[in-house]
Amino acid sequence: MDINIQNKVAQWLNGNYDAETVATLKKMQEGNPDDLNDAFYRNLEFGTGGLRGIMGVGTNRMNKYTLGMATQGFANYLKKTFTGEIKVAIAHDSRNNARFFAETVANVFAANDIKVFLFESLRPTPELSFTIRHLRCQGGVVLTASHNPKEYNGYKAYWNDGAQLVPPHDNNVIREVENIASPDEVKWTGGEANITLIGQEIDEAYRKELLSLSINPDINKQQHDLKIVYTPIHGTGITQVPQLLEQYGFTNVTIVQEQATPDGNFPTVVYPNPEESEAMSLGLKKAKELDADILLGTDPDADRVGIAVKDLKGEWILLNGNQTGVLLFNYIVESRKSKGLAKANDYIAKTVVTSDLIDVFAAKNNITCYNVLTGFKWIADLIRRKEPEENFICGGEESYGYMIGQNVRDKDAIASVAMICEMAAYARSHGKSLFEQLIDIYVRYGYYMESLISITKKGMRGAEEIAEMMRGYRENPPVTINGSPVATLYDYQLQQIRDIKTGDTKALDLPKSNVLQFVLEDGSKISARPSGTEPKIKFYFSVNAPLASAGDYDKVTAELNQKINGIIQDLKLK
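Before going into details, it helps to say that this report is about the structure given with it. (Residues numbered from 1 in each chain as written. Predicted model: local features only at pLDDT ≥ 70, side-chain atom pairs only at ≥ 80, totals over all residues. Heavy atoms only, no water.)

So, on to the sheet that holds strand 2 (residues 87–92). With mixed pairing, 6 strands are arranged side by side in an open sheet as 1-5-4-2-3-6. The open sheet terminates on both sides in strands that have one partner only, identified here as strand 1 (51–54) and strand 6 (195–198). The mean inter-strand angle of the sheet, taken between neighbouring strand axes irrespective of direction, is 15°. Pairing geometry for strand 3 (residues 115–119) and strand 6, over 4 bridges, is parallel. Each residue of the ladder has a partner; that of Phe 117, found in strand 6, is Thr 196. Strands in contact with helix 6 (residues 125–134) are strand 2, strand 3, strand 4 (139–143), strand 5 (152–159) and strand 6; relative to strand 5, the strand with the most contacts, it is inclined by about 25°. (Pairing = 2+ DSSP bridges. Helix = DSSP H or I, 4+ residues; strand = E, 2+ residues; numbered from the N terminus. Axes fitted to C-alpha atoms, helices over the stretch in contact; angles between N-to-C directions. Contact = heavy atoms within 4.5 Å.)

So, on to helix 3 (residues 33–40). Owing to its 3.6 residues per turn, the α-helix brings residues three or four apart onto one side. When we look at burial in helix 3, the residues that qualify are Leu 36, Asn 37, Ala 39 and Phe 40. Seen along its axis, helix 3 keeps its buried residues to an arc of 165°; they face one direction. Close packing links the buried residues of helix 3 with helix 1 (3–14) and helix 2 (19–31). (Buried < 20%, exposed > 50% of the residue type's maximum accessible area, 1.4 Å probe, protein only. Arc of directions from axis to C-beta.)

Checked against the element boundaries, Ala 362 lands in helix 13 (residues 357–364). The exposure class of Ala 362 is buried, given its relative accessible area of 0%. C-alpha separation for the pair Ala 362 and Val 333, spaced 29 residues apart in sequence, amounts to 8.3 Å. The contacts of Ala 362, once residues within four sequence positions are left out, are Ile 348, Ile 367 and Cys 369.

Let us look at the environment of Asp 491. Mapped onto the fold, Asp 491 is located in strand 18 (residues 484–491). Separated by 336 residues in the primary sequence, Asp 491 and Tyr 155 place their C-alpha atoms 29 Å from one another. Excluding residues within four positions of it along the chain, Asp 491 makes contact with Arg 474, Gln 496, Leu 508, Val 515 and Leu 516. Only 3.0 Å separates the side chain of Asp 491 from the backbone nitrogen of Gln 493, close enough to count as a polar contact. (Polar contact = N/O pair within 3.5 Å; in protein donor to acceptor, adjacent residues only side chain to side chain.)

A separate point is the packing of helix 1 against helix 3. Between helix 1 and helix 3, the shortest axis-to-axis distance is 10 Å and the interhelical angle comes to 90°. Taken together, the axes of helix 1 and helix 3 are roughly perpendicular relative to one another. Between helix 1, through Ile 5, Lys 8, Val 9 and Trp 12, and helix 3, the contact on the second element is made entirely by Leu 36, Asn 37 and Phe 40. Tallied by class, the residues present in the contact of helix 1 with helix 3 amount to 5 nonpolar, 1 polar and 1 charged. (Parallel < 35°, antiparallel > 145°, perpendicular 65-115°, else oblique. Nonpolar A, V, L, I, M, F, W, Y, C, P; charged D, E, K, R; others polar.)

So, about the environment of Pro 272. Mapped onto the secondary structure, Pro 272 falls in the loop between strand 8 (253–255) and helix 11 (281–290). Along the primary structure Pro 272 and Val 443 are separated by 171 residues, whereas in three dimensions their C-alpha atoms are 34 Å apart. Apart from residues lying up to four places away in sequence, Pro 272 is in contact with Arg 95, His 147, Asn 148, Pro 149, Ile 233, Phe 266, Asp 299 and Pro 300.

Attention now goes to the nonpolar core. Counting residues in each nonpolar core, the largest one holds 92 residues, and the members touching the most others are Leu 296, Ile 348 and Phe 541. Per-element tally for this core: the top contributor is helix 15 (residues 413–429), with 12 residues. Ignoring any residue separated from it by four or fewer positions in sequence, one finds Phe 541 in contact with Met 449, Glu 450, Ser 451, Leu 452, Ile 453, Lys 525, Ile 526, Ile 564, Ile 567, Ile 568, Leu 571 and Leu 573. Counting 31 residues, the second largest nonpolar core, distinct from the first, contains Met 55, Leu 118, Val 141 and Ala 157. (Core = buried A, V, L, I, M, F, W, Y, C linked by side-chain atoms within 4.5 Å.)

Following the criterion strictly, the structure yields 33 salt bridges and no others. Residue Arg 409 is joined to Glu 387 by a salt bridge in which the shortest nitrogen-to-oxygen separation is 3.1 Å. With Arg 409 in the loop between strand 15 (401–404) and helix 15 and Glu 387 in the loop between helix 14 (376–386) and strand 14 (391–397), this residue pair connects regions lying 22 residues apart in the sequence. On the basis of relative accessibility, which here comes to 1%, the residue Arg 409 falls in the buried class. Put simply, Lys 156, Asp 301, Asp 303, Glu 397 and Lys 411 are held in one network by salt bridges that share partners. (Salt bridge = Lys/Arg side-chain N within 4 Å of Asp/Glu carboxyl O.)

Let's shift gears to the side chain of Arg 95. The residue Arg 95 is located in the loop between strand 2 and helix 5 (98–111) in this model. Separated by 2.9 Å, the side chain of Arg 95 and the backbone oxygen of Pro 149 make a polar contact.

With that settled, consider unusual backbone geometry. Between Pro 167 and the following residue, Pro 168, the backbone shows a cis peptide bond with an omega angle of 5°. Residue placement: Pro 168 occurs in the loop between strand 5 and helix 7 (169–178). Backbone geometry places Ser 146, a non-glycine residue, at a positive phi of 55°. Residue position: Ser 146 is located in the loop between strand 4 and strand 5. Owing to a relative accessible area of 1%, Ser 146 belongs among the buried residues under this scheme. For Lys 572, which is not glycine, the phi dihedral falls at a positive 55°. Here Lys 572 lies in the segment after helix 18 (553–570). Judged by its relative accessible area of 69%, Lys 572 falls in the exposed class.

Structure follows, in C-alpha cells:
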C-alpha cells in the first residue's frame, strides 16, 4: 500500500474519530484492501459539480468528517473575504444522509459565527441558488449528488452571486480545507442560535420569480388542457413543479405516482437520471396510456430535465439534451423577438460540447452566443463578467441542464419544465407538435445530430487510464477520423487552437480544462473530456447535413447515424 495512504489511514485510526468510523476502518483493513485504497488514495476535490463521492469512511468519501473539514475551510475563507455579518443558505435533496449532512454543515457554519438559513426539508438545487441572491447571502451549500447512483452524495458550494465556486475562490477554499489537518480543528457545535429554518416564504418568492419568465401566458391559458405527464424520479421536483405548472395555467398535469415520493434509495430506477431511458420508462408508460402531449422528468435535485414527445410517426421518443436545448433556446429567442421584448445587447450561452446548431441560429437571429467550459458555474461567471453591459437570456448544456433569466445562477429544471410546457403549448396553438417544431428548425438551419459515449474507469487505476487516454490523444492526435482529415485541434488544457495542416496555433481564450476537440474537414466534431463528477471519460460526437424538407428526415437521419458510427469505430471506442 502506498505510504501516503498508510499515513492517512493511521491518522484516522488514531485521531478523534467516532467509534463506528474506527471499527469500519479496521474491518476494511482486514478484508477490503482495494476499498481502503479507493477510500484514501486522494482527497475529494471541487470539480464541475463541487465535492462529490461515494458515502463511507475515508478522505475520498462523503462523510461527516470530510464535510466538516470542507465546511470549516469554506467558513475560514468566507471570514477572510467578507467583513461584517456573513450569511449562508443550505439545502439538501432526497438522498440518504442528506438531512444529517445538511445539519452537520449548518452546525459548523453556525459555530463559526456565520448566520445560517437552513431549509426545513428537501428543496431543489436551483432554489438554493435563488435563495442566496434573495437573502443576500455571501455563500451557500446544497447537499446533493445530482443524478449519480444511490451510493453517492455531494456538496456543492456557492458564492454570493448564487453560482458555484470558480477561480480564484474554488482554489482558495481548497487551500483553506487542506490547511485543516484533522477534525479537531473543526468547530462542530456551539452556534445553534445562528441557525434559522426557512421554507414556504422562500418557495413562494422563488415561484414568483419563475412565473415572471413566462413569455406567452395567454397561450398557456388558451392551451391549459395540454396533457402533461411529470415524474420527479423520487427527488425534489415534487416540491415545486406541480405548483408552478398550476401557476403557469396548466390544468391537465399527471404525476407518475410510483416515483412521486422522495426516496434516496431510488427504488424504481438504477440511475435517477432523466438522461437514461430506464429512468423515464414509468413516465413513458403513463404518457402512452393517457395519450399525453409531453412527458417531463427531473433528477433528484431538480437541476436537469428530460423530455419525451411523439415523433412524426406518432411514436414516443426521448429527446436528447441538445434537441431540448435547441427547441428551448429557439422558442425563447424568437418569442422575445415577436413580443417586442428583445434587446440589442441580448445574449445566450452554452458549453463547448453543446450543439453548434445553437450558434448557427443565434447568428441568423443576430443574437450573440458565447461558448464556455462545461459546468454551469462558467455560464454564471460569464453573466457576472458581462453585467450590466450585456443582457443574459438563457443558457444550457447538452447534459439536460438549462438556465433561464438571471436570478437563478445554476441550471434550473423547475423553470425549464414550466418553459418547456409553455413551448409545447405554443407549438400546439399553431397546430404543431414539439417534434415537428424541431424538424422545422433543422430545415431552416441544418440538421445537427449529436451523440455521446461515456466510458467508466473506476478507482485509482481507472483515473490513471483516463489520464493516459487524454495524454495519447494530446501528444499523438489522429490525422484522419472516419476518412475525413482533422482540420483543427482545440486543446483547452494548453489553451490553444492548432491548425493540423500548417501547425499554426492561436490562443484559446477560456480557462484551462482537460478537454480536446477535433474538428474535421467535413464539419464533424469530436470532443473528449474526463468527467468532473464521475469516474468516466466522455466522448461527444456532432455531425451535420442540410435537410431540404421534413420528408427527407428519415434518409438524412440514417446518413448521419452512419457517420457517427463510423467515427466511433475508427476511434475504437466500441
